[in-house]
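Here are the chains, one letter per residue:
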Amino acid sequence: MSEPTRPTIPAARPPSLVSGGEPHHASVTPVGGVAEVHEQQPLVGQDLRTEELVFNMGPQHPATHGVLRVVIKSDGEFVQGLQPHIGNLHRCCEKIGESVPYYQWIPYVDRMDYLAAMCNEHIACMAVEKAAGIEVPERAEYCRVIVAEVQRILSHLFAMGVYGLDLGAFTPFLHQFREREKGLDLLDHISGGRLLYHYVRIGGVKRDFTQEWLDELEAFLAAVEQRLPEYNTLLLSNHIFQQRTAGVGVIDRSACVRWGVTGPALRAAGVDFDVRRDAPYGVYDRFEFAVPHGHSGIAGVVGDCFQRHWVRTQEVEQSLRIVRQALKQMPQGPVMGKVPKSLKPVAGEVYVRGENPRGELAVYMVTQGEDKAWRARCRGPSFSNIAVITETAKGTLLADLVAAIGSLDIVLGEVDR
Amino acid sequence: MQQWLDQLAGSGLLAGLPRGLVYTMGAVGACTLVLLFASLLAGEVVWLERRVAGRMQARIGPNRVGPQGLLQFLADGLKLLGKEDVIPAEADKPTFLAAPVIVFMGAFAAFAVVPFGYGLVPADMNVGLFLILALTSIEVPGVIMAGWASNSKWAILGSMREVAQMVSYEMPLGISALVVALLAGTLNLSDIVAQQEGWIWNWYVLRGPFGFVAFFIFFTAALASLKRAPFDLPEAESELVAGFHTEYTGFRFAVFFLAEYSAMILFSMVTAVLFLGGWSPGFPVDLTGPAGRWIGFAVLFAKTAFLLFTMIWVRWSLPRYRVDKVMYLCYKVLLPFSVACVVGAALQVLVGDAVGGAFGRWLMGR
Amino acid sequence: MSTTPSPAGTPAPAALVDPVTERAHALLAARLPGVVQAQELGGRHPWIRVSVTGLRDALRLLRDDPSTQLECCHLISGVDWPARKPGDKAELEVVYHLVSYALPYDAAYKARRGPQAKNDPWVAIKVRVPREAPEVPSVMDLFTGADWHERETYDLLGVRFTGRGFVPRILLPEDWPGYPLRKDWETPTDYHGIPIVPPEGL
């Protein structure tokens, strides 16, 4: 019996510089970090235009969003078309989901959106629990909510700070990271990891809170609450920041819904929707919190960069509210439910969506009675969030493109998985 | 300076040498001194920037190399000297090599006319103010040359943007300096400082509303001319595309860097001289004696340090302006206001002349 | 595919159909007869399978009709169903999850549903195509965001989406051979001469 021959990748053919056409057909080879520029002949006559340039932004660039490559076609100042090229961070998360048992797959899910790891784990564990019919004890649900909201605060602190950095305000970035350090230490003390935790497990959480940890949590919440007005003064109230972001990068409701944009970007476009309130999971239906969404009462246009930033600052406040309510309501009890040693859910499927800091993370899991999933499809919110700039960034200034991409707050880990 | 050179020529040690040679040696010596002082100060301004930035960002900043990290610039300089000197193959070599020199020249040459104290001015020229504005404009062709010589489309475009910003902001800069020239009635910087001696209300920043507004316009225009935040978008956009000094490595890059910081010091000193009374401390005291002039130097140094701190403070607090807003600010805000200040200052001088007496002379700026 | 009763004792309310799925199914059955091939409306993952030819009409109807307003294509997933038993057909399945932001659940349903019921207003539409000729009409013009999801489904599973021109790969390099998420995928031994050693178990 002959071994099936494994496919080999054919020898590379030389990349071609395509003349004109859609930017995503053009393979522009980076030469020494700066793209070889392909020029069209300038049109002479009545319509004397400047040359059209096709150039590369990324995959490495100082705006920290990750390994995103955007091929931009512009005539000098105005962007005429752009095409993001993703896939540089593809780590086969879904294939691994089909290859290892469920409990081994959960740590891989952390790494999708590495800035919101607790939230990712929460959704993925919920999917497995729903598929297997595992009940999670109430105290564990509250623990999950608390760490998820703390994670949301940390993620938004990061997003707001880095957005300031994109726009040239170096200082709020470091101030917000100071609070983030306290939060990372907090999550470190409960889970053992600063960024990637494996704390939320199938059936509950790994470890119960100690009184010491709860005190640390209170201190963290107080620190964030005290500093939040300062951050708003440095950025939101700053005249230059408003000039750079108000009316810039507008993504209206229609574009959001057509492209599947979710999270703060969707809410900034005026849509009053939050999965935690409108399709609650876990124990989110027991908390009272507001859902900030863009409106004409604040600076800027509904759906612009400023309102996206504003929505994030408001969400930090609401998360503080939720954590405080959760701490009051939390019952005593176990933190891990009954999970069979070999977890083999009956054949079936499940679709779970949750509100991550960047949008709606969803997991579509198909089980076939084995210890591994048959299909573990993950929807990273940033996947759709970054696709929308293909349409909305046309006609904007090159300088505004950085502001627009930064305000979407993407993490390439969940774009590429 | 002239007196000092005469003294030097007449003294016993150098009496035998021809006068011209003594003058030349003295001039070279003075220039070297000023150059060394300016370079050292530029290095320390880098230290100040990094410490102040650190403190503003809830961290410490360099404090290891030397006491409180003051020798950091030596370590950085040695590191940059040790780097490989790469010149792009397609680059225009003579232009490439000349560009840093020209930018450096523009930044350092103007120190020659700054009055550090009473009589402590290397070249006491009657067109001192004009010369400073002219010499700092020499940087502009240097920047163009640097971008051009890099032979990269994006370096050229980036340098063009920076040059547009520098050149545009020279207008409000010059016009607000003109306010001081009007009030003082002279372009000689030593005389300008002399007329600000005495009490603090003699300072041109406080002599009427036009001097006050002109001070802020001058300082803002200086920030923009220096390409410092919040006007550093051409440099930041060079994260996306290559800026004018991307192709420069090692010591050549250090020269650009040094030129930027010494231009910062220069503009702070000139602002202090024009508006904040120069070497006079704000109350009547005689600083013309041989010891007093060095105290005056310390006073000027303190004012310069304060203005440098303000520049650093502004840089690390504010986000960047977009390029079109930068131009808008120059042409539609600073320029009209500075022209209005000139007209107002001229009127103020006329009114002062008509009023007469001590108050009239105060209004006139004398 | 049936739902499992939860170990805690409360049976999953299989008979409880959430209003969004109910309306969607009623709409499709009434206005596009013959398009719906199979469905399961109760439980925690109700789905409606439509024919390949009727897919676009079905999705357009669900998007535009005011009773459903499922205007957002939340996720497009591909699932590989190779023939495991001799009589089976080898198929690829494409699942569309549609979501409405205009019509969330009303209070009446929220009061009725139990812990294992469907808590979230989405609708799952499925199509199945044979593995040898997996051609599905593209819905990129109906939902712009479907563009990238379709590219990913093509990239990882090889489902060909027709009616939208050239479909480039999105996550994998342009010259990658094969479709990794298929069940019969074997990792190649090298990539452009760089050896790939797959770790144990994968």
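Residues numbered from 1 in each chain as written. Chains lettered and ligands numbered in written order. Predicted model: local features only at pLDDT ≥ 70, side-chain atom pairs only at ≥ 80, totals over all residues.

The next thing to look at is the overall build of chain C. The secondary structure content of chain C amounts to 4 helices and 9 strands. Along chain C, helices (α) and strands (β) appear in the sequence α-β-β-α-β-β-α-β-β-α-β-β-β when read from the amino end. Considering chain C as a whole, with its 202 residues, one finds that 38% of them fall into the buried category. Within chain C, counting contacts between residues at least 6 apart in sequence, those at least 24 apart form 61% of the total. (Helix = DSSP H or I, 4+ residues; strand = E, 2+ residues; numbered from the N terminus. Buried ≥ 20, exposed ≤ 12 C-beta atoms within 10 Å, placed from the backbone. Contact = placed C-beta atoms within 7 Å.)

Attention now goes to the overall build of chain A. In terms of helices and strands, chain A carries 15 helices and 11 strands. Scored against the burial criterion, the 417 residues of chain A give a buried share of 53%. Considering only residue pairs separated by 6 or more positions, chain A has 70% of its internal contacts joining residues 24 or more positions apart.

Looking now at the confidence of the model for chain A. Chain-level statistics for chain A give a pLDDT mean of 84 and a share of 87% at 70 or above. Predicted confidence is poor over residues 1-49 of chain A, with pLDDT under 50, and the contacts of this stretch with residues over four places away or in other chains come to 67 contacts. (pLDDT = per-residue confidence, 0-100.)

A few words on helix α4 (residues 146-157) of chain C. In a regular helix each residue adds 1.5 Å, so 12 residues correspond to 16 Å; α4 of chain C covers 16 Å between its end C-alpha atoms and thus fits that length. Burial runs high along α4 of chain C: 12 of the 12 residues are buried. Among the residues making up α4 of chain C, those that are buried are A146, D147, W148, H149, E150, R151, E152, T153, Y154, D155, L156 and L157 of chain C. Residues of α4 of chain C that are buried in the fold lie against α12 (381-387) of chain A together with β3 (72-81), β4 (91-99) and β7 (160-162) of chain C. A positive backbone phi angle near 85 degrees is found at G158 of chain C, which sits one or two residues after α4 of chain C. (Expected span 1.5 Å × (residues − 1).)

Before going further, it helps to spend a moment on the sheet that holds strand β1 (residues 36-40) of chain C. All names here are of chain C. Overall, mixed pairing links the 5 strands, which are arranged β1-β2-β5-β4-β3 in an open sheet. Looking along the sheet, the strands with just one partner apiece sit at the ends: β1 and β3. Strand-to-strand, the axes of this sheet are offset by a mean angle of 20 degrees, without reference to chain direction. Strand direction decides the pairing type here: β3 and β4, joined by 9 bridges, are antiparallel. For I76, the partnering residue across the bridge sits in β4 and is Y96. (Pairing = 2+ DSSP bridges. Axes fitted to C-alpha atoms, helices over the stretch in contact; angles between N-to-C directions.)

Once that is clear, we can look at the sheet that holds strand β9 (residues 348-356) of chain A. Residue and element names in this part refer to chain A. Read from one edge of the open sheet, 3 strands run β9-β10-β11, paired in antiparallel fashion. Among the strands making up the open sheet, the edge pair consists of β9 and β11 (373-379). Shown here is a sheet whose adjacent strand axes are inclined to one another by a mean of 10 degrees, direction ignored. Of the strands in this sheet, β9 and β10 (359-367) are in contact with helix α3 (residues 117-132), which crosses β9 at around 155 degrees.

This brings us to the interface of chain A and chain C. Often, the extent of an interface is quoted as the loss of accessible area upon association of its parts. The interface is formed by 43 residues belonging to chain A together with 46 residues belonging to chain C. Those elements giving two or more residues to the side of chain A that touches chain C turn out to be α1 (93-99), α8 (253-259), β9, β10, β11 and α12 of chain A. When residues of the side of chain A that touches chain C are assigned to their parent elements, the largest contribution, 5 residues, is made by β9 of chain A. Grouping the amino acids of the side of chain A that touches chain C by side-chain chemistry returns 20 nonpolar, 9 polar and 14 charged. (Nonpolar A, V, L, I, M, F, W, Y, C, P; charged D, E, K, R; others polar.)

A word on helix α13 (residues 323-355) of chain B. Every α-helical turn comprises 3.6 residues, leaving residues that sit three or four positions apart pointing alike. Residues and elements named next belong to chain B. Helix length check: α13, at 33 residues, gives a terminal C-alpha distance of 46 Å against a target of 48 Å (1.5 Å per residue), a fit within 8%. The largest bend along α13 reaches roughly 35 degrees and is located at L334, with the proline P336 sitting one to four residues downstream. G356 sits one or two residues past α13 and shows a positive phi near 75 degrees. (Bend = angle between axes of the 7 residues up to and from the residue.)

For the rest of this paragraph, the subject is the environment of R84 of chain C. Residues and elements named next belong to chain C. Tracing the backbone through its elements, the reader meets R84 in the loop between β3 and β4. The exposed category is assigned to R84, around which 9 C-beta atoms lie within 10 Å. Sequence separation between R84 and D175 is 91 residues, and the spatial gap between their C-alpha atoms is 30 Å.

Residue and element names in this part refer to chain C. If you trace the backbone, L142 turns up in the loop between β6 (135-137) and α4. Here L142 falls in the partly exposed class, since 16 other C-beta atoms lie within 10 Å of it. Every residue in contact with L142, bar those within four places of it in the chain, is listed here: R56, L59, R60 and R63.

Right, let's get into unusual backbone geometry. Residues other than glycine predominantly adopt negative phi, and peptide bonds predominantly adopt the trans conformation. Residue and element names in this part refer to chain B. We note that Q68 has phi near 60 degrees; this positive angle belongs to a residue other than glycine. You can see Q68 is positioned in the loop between α2 (19-56) and α3 (72-81). Residues other than glycine seldom take positive phi values, yet K227 does so here, at roughly 60 degrees. Within the secondary structure, K227 is located in the loop between α9 (209-225) and α10 (233-236). The buried category is assigned to K227, around which 20 C-beta atoms lie within 10 Å.

The next point concerns the packing of helix α11 (residues 305-329) of chain A against helix α14 (residues 398-408) of chain A. Residue and element names in this part refer to chain A. Axis separation between α11 and α14 bottoms out at 9 Å; the angle between their running directions is 25 degrees. Relative to α14, the element α11 is oriented roughly parallel. Once α11 is placed against α14, the crossing between them reads as left-handed. Residues C305, R308 and H309 of α11 touch α14, and the partners they reach there are A403, A404 and S407. (Parallel < 35°, antiparallel > 145°, perpendicular 65-115°, else oblique. Left-handed = near helix turned anticlockwise from the far one by under 90°.)

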